[in-house]
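# Examining the three-dimensional arrangement
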Protein chains: 2
Amino acid sequence: MREVVLSFGYQEYDGPILESFDLYKAKSGEEIVQRQLYDFTDKGDRHVAIRPEMTPTLARMVAGQVRNLAKPIRWFSIPNLWRYEQPGKGRLREHWQLNVDLFGVASYRAEVEILLIADSILKRFGAPDGSYQIKVSHRGILDSFLGKSLSLPKEKSQAVSKLLDKKAKISREAFEEEIRPLLNDPDKQLPLIYSYLESTIDSLENFDGIDVEALGFARKLFYDLKVLGIEKQITFDPSIIRGFDYYTGCIFEVFDTNPENRRSLYGGGRYDNLIGLFSNDQLTGIGFGLGDVTFRSFLEGHNLVPNLNRNDTVFIPVMEELLFPEVLKLADLLRKEGIKVETMLEAGKVGKQIQTAEKKGYRYVIFLGESEIAKKEVQLKDLQSGEQHIIPRNNLPSKLKDSLLG
Amino acid sequence: MREVVLSFGYQEYDGPILESFDLYKAKSGEEIVQRQLYDFTDKGDRHVAIRPEMTPTLARMVAGQVRNLAKPIRWFSIPNLWRYEQPGKGRLREHWQLNVDLFGVASYRAEVEILLIADSILKRFGAPDGSYQIKVSHRGILDSFLGKSLSLPKEKSQAVSKLLDKKAKISREAFEEEIRPLLNDPDKQLPLIYSYLESTIDSLENFDGIDVEALGFARKLFYDLKVLGIEKQITFDPSIIRGFDYYTGCIFEVFDTNPENRRSLYGGGRYDNLIGLFSNDQLTGIGFGLGDVTFRSFLEGHNLVPNLNRNDTVFIPVMEELLFPEVLKLADLLRKEGIKVETMLEAGKVGKQIQTAEKKGYRYVIFLGESEIAKKEVQLKDLQSGEQHIIPRNNLPSKLKDSLLG
């Protein structure tokens, strides 16, 4: 994840794990503040809390530097976050979350980049086409549909929006039963809602009062995604709602297509007033958060968990005490060439030392005996294939670089 | 730091930032537990604390897996730690600390490796010869000197040892005034103490009852340091004490030689019973901890703070809206070649975009205009030298790799 985000020129930031309780009281949802915070009073009588999310810290930090920072501001972080929740599937009390944010770009190209990053991360883990789907919508489209096409007042708009968000999780009957009392003319409006949820950017134009500016924004966005060749994985879907109040423009969610884990993996969107609590400056932004626990379920479901064997490091056993200075010197030389080397520190039998190498997850082992030292060569064994070759010392660094990286 | 430790085959671990209060009550010093802990009762009525040091977590984790882990166990971590201290020079409430530990090797070669790592980290930051000094001693030597050469009983040994530790910070008069009441025959013993503090490994042999096994251990250690060519930076010095009770063998401390900052930068040593609280297994170990705050003072004092300019990333301005898809495609291509690229997302004047690149700390900028696109080339500008060259698109990835890494 870090490699992908760095490749887009993002800079890594971090904040303290302890923040003032008031920061979360002002910025976080009620459930977090009331029930999930690890908060306490410190020895200096300050009411503090361990961070349950990174966004309030980000808003505070960006607001403090907004006039000094060159735009666009591209920041990311991979903080650990704590919530007092019931641990279970997809949920732990401590989890890690990639946060990617881009500030200061009003154009749809900010969306292009953020969606490209969201997609590139999945590809970097080897996720094949069809294993995930990124769905994009726009708050302007939803709001104009609810407020103008359906003529709903604000409170009812919000209630309907919340229902649309949970529609996929309840039966059609339950959905209709809950939504009917919120509509003026359900028999006429319900078919409109179903039609809305299945619309394309083009067919949305037919709805009365729909936000044509937002539609135009989405159209330009999808044009560029096509230029980049990623229009298949990323589709427009007006049924995407996202619960948070602070989104003001494009919103998106990444879904696992595995039928046993059909859930939202991560998502984000545009917010135009994130720093408003801390600054009078206006600063538009767009970002997303990606939690490690749900992401790991995705990787496991598609058999994509990275191989954590240490194939990037070479292991050198020590067969005889007397050879130890030579092993030391060889290891030192290889490290100076940028090669990672673990050596044994006590002499022992070959078989046992190979067992150690295997248990530690190594693939390549270097044997250095008296005859090899005399001939200025080593034996390089590949534990995976069982092959063993004699390598002249001079060629060893380049040979190892090929093997360990290749 | 991470690069150096990984090059020795160490594996990175982490633990939770919250641990049971009892863990620190059992393992940490009284000052930490009584006055410096960020402790509180969580929503499940557990008395917990934010970690003030990593060693108790390490001991708990290693003890839990000691029978499954292949020896030697080489682990490192760079945790953030919290102590409620008065912030000041070299002291912050949150700091980061590299912890490097090697378990399961009784031989002096564990000391060789740990000292080599401690030295390599300084070299990796460019610390020149003479900017630091690593001083090594052995608890066995100190204990035998106090207990046998001076015939002090245990309590007095400890008190004298504490005084020796603070000797450098107080006047000779104050030192003697404090130490005299602890000795049976000060007039005879004080000269012995001064002589001890200035001894070499060889001259220590002349003290009655000195631990010759420990002396032999130190001798073998320094022989190998000589083989590695690092005997200059690392010297034997029996005046090194280190306050912690849990050290049982070699101990060392790294000193800044800058006369304005003559302090201990970091240190460590061998402990034979770290996991004793959690396991009946015996496991010898050696390790050290390196805090970021004091280390930064060292780097600043010797003008070694790394250049944080982003010379590893290339910046692409966008001169005209219409060229944006071409910029996108070029950036995508370069990223696939492993090159980090930040692009502008809104068109603007050249001068202003170069200002942005400079403010963001970039050195290399790529210009892509209509004529360059037609000719399949780009302009590569080095903001540092002011030079600008035309590069064919095909050569760009390799040219950039040379520039960004070189």
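The rules we used
Residues numbered from 1 in each chain as written. Chains lettered and ligands numbered in written order. Predicted model: local features only at pLDDT ≥ 70, side-chain atom pairs only at ≥ 80, totals over all residues. Heavy atoms only, no water. Helix = DSSP H or I, 4+ residues; strand = E, 2+ residues; numbered from the N terminus. Rg over C-alpha atoms; globule rule 2.2 N^0.38 Å. Contact = heavy atoms within 4.5 Å. Lys, Arg positive; Asp, Glu negative; His and termini not counted. Charge placed at Lys NZ, Arg CZ, Asp CG, Glu CD. Least-squares fit on C-alpha atoms with pLDDT ≥ 70 in both. Buried area = accessible area lost by both parts, 1.4 Å probe. Salt bridge = Lys/Arg side-chain N within 4 Å of Asp/Glu carboxyl O. Polar contact = N/O pair within 3.5 Å; in protein donor to acceptor, adjacent residues only side chain to side chain. Nonpolar A, V, L, I, M, F, W, Y, C, P; charged D, E, K, R; others polar. UniProt positions renumbered as here; feature names shortened; annotations may be inferred. Axes fitted to C-alpha atoms, helices over the stretch in contact; angles between N-to-C directions. Parallel < 35°, antiparallel > 145°, perpendicular 65-115°, else oblique. Left-handed = near helix turned anticlockwise from the far one by under 90°. Buried < 20%, exposed > 50% of the residue type's maximum accessible area, 1.4 Å probe, protein only. pLDDT = per-residue confidence, 0-100. Pairing = 2+ DSSP bridges.

### Digging into the overall build of chain A
Regarding its fold elements, chain A presents 16 helices and 17 strands. Over its C-alpha trace chain A gives a radius of gyration of 28 Å, far above what one expects of a compact globule, namely 22 Å for 406 residues. Principal axes of the C-alpha set define a box for chain A whose edges measure 90 × 55 × 40 Å. Residue pairs in contact within chain A that sit at least 24 positions apart in sequence constitute 65% of those at least 6 positions apart. Computed over 55 positive and 59 negative side-chain charges, the inter-centroid distance for chain A is 2 Å.

### Section: the environment of L380(B)
All names here are of chain B. Note on placement: L380 falls in strand β16 (residues 377–382). Taking C-alpha positions, L380 is 46 Å from W82, a pair spaced 298 residues apart along the chain. In contact with L380, not counting residues within four places along its chain, are Y364, V365, I366, E387, Q388, H389, I391, K399 and L400.

### Some points on the relation of the copies chain A and chain B
Of the transformation placing chain A onto chain B, the axial shift is 0.0 Å and the rotation is 180°, giving an RMSD of 0.0 Å. Within this description, the copies of the chain are treated as partners about a two-fold rotation axis. Residue F40(A) of chain A places its C-alpha closer to the rotation axis than any other residue of that unit, at 3.1 Å. Comparing interface residues between copies, 100% of those in chain A also sit at the interface in chain B, which points to an isologous, same-surface contact.

### Concerning the interface of chain A and chain B
Taken together, the 70 residues of chain A in the interface contact 70 residues of chain B. A combined buried area of about 5400 Å² lies between chain A and chain B, and 59% of that area is made up of carbon and sulfur atoms. Among the residues chain A hides against chain B, the three largest losses belong to K43(A), R109(A) and L345(A). Together they make up 14% of the total. Summed over the shared surface of chain A and chain B, the result is 6 salt bridges. Between R109(A) and E321(B) there is a salt bridge, with its nearest N and O atoms 2.2 Å apart. Joining chain A to chain B, the criterion identifies 27 residue pairs in polar contact (both at pLDDT 80 or more). Among the elements that make up the side of chain A that touches chain B, the one with the highest residue count is helix α13 (residues 324–336) of chain A (6 residues). Within the side of chain A that touches chain B, the residues separate by chemical class into 33 nonpolar, 13 polar and 24 charged.

### Concerning the UniProt feature "domain: Aminoacyl-transfer RNA synthetases class-II family profile" (unreviewed entry) in chain A
Here the UniProt-annotated "domain: Aminoacyl-transfer RNA synthetases class-II family profile" (unreviewed entry) positions come out as residues 1–113 of chain A. The span residues 1–113 of chain A carries 32% helix and 27% strand; its end-to-end C-alpha distance comes to 15 Å.

### What to know about the packing of helix α8 (residues 172–179) of chain B against helix α9 (residues 186–197) of chain B
Axes are the key here: two packed helices are described by the angle between their axes and the distance separating the axes. Residue and element names in this part refer to chain B. Viewed as axis vectors pointing N to C, α8 and α9 meet at an angle of 125°, and their least axial separation amounts to 12 Å. When the interaxial angle is binned, α8 and α9 end up oblique. When you trace α8 past α9, the crossing you get is right-handed. Judged by residue contacts, R172, F175, E176 and I179 of α8 engage L190, I193 and Y194 from α9.

### Observations concerning unusual backbone geometry
All names here are of chain A. Cis peptide bonds are those with omega within 30 degrees of zero, and the linkage from K71 to P72 qualifies with -5°. Inspection of the secondary structure assignment puts P72 in the loop between α4 (55–65) and β5 (73–77). Look at D45: it is not a glycine, yet its phi comes out positive at around 65°. Considering the arrangement of structural elements, one finds D45 in the loop between β3 (38–41) and β4 (47–50). Its relative accessible area of 67% is what places D45 among the exposed residues. Of note in this structure, S151 is not a glycine but carries a positive phi near 55°. Take S151: it is sitting in the loop between α6 (139–149) and α7 (154–166).

### Describing the environment of G301(A)
Residues and elements named next belong to chain A. Turning to its location among the elements, G301 is positioned in helix α12 (residues 292–301). The class of G301 is partly exposed, set by a relative accessible area of 45%. Separated by 43 residues in sequence, G301 and N258 place their C-alpha atoms 7.1 Å apart.

### Thoughts on the side chain of E342(A)
Mapping E342(A) onto the fold places it in strand β14 (residues 340–343). Among the polar contacts listed, one links the side chain of E342(A) to the side chain of K360(A), at a separation of 2.6 Å. Within polar-contact distance, the side chain of E342(A) engages the side chain of R74(B) at 2.5 Å. Among all residues touching E342(A), those that are not within four sequence positions of it are R310(A), T313(A), V314(A), F315(A), I316(A), K360(A), Y362(A), F8(B), G9(B), P72(B) and R74(B).

### Observations concerning the confidence of the model for chain A
Residue and element names in this part refer to chain A. In the predicted model, chain A carries a mean pLDDT of 93, and the fraction of residues at 70 or more is 99%. Of all secondary-structure elements in chain A, the lowest mean pLDDT belongs to helix α16 (residues 396–405), at 86, while β5 reaches the highest, 98. This complex was scored by the predictor with a pTM of 0.91 and an ipTM of 0.89.

### A word on the sheet that holds strand β13 (residues 313–316) of chain A
Residues and elements named next belong to chain A. Read from one edge of the open sheet, 5 strands run β14-β13-β15-β16-β17, paired in mixed fashion. Looking at the sheet topology across the chains shown, the edges are occupied by β14 and β17 (388–392). Each adjacent strand pair in this sheet contributes to an overall mean axis angle of 30°, direction not counted. Here strand β15 (residues 364–367) pairs with strand β16 (residues 377–382) via 4 bridges, running antiparallel. Bridge pairing in β16 places I366 opposite L380.

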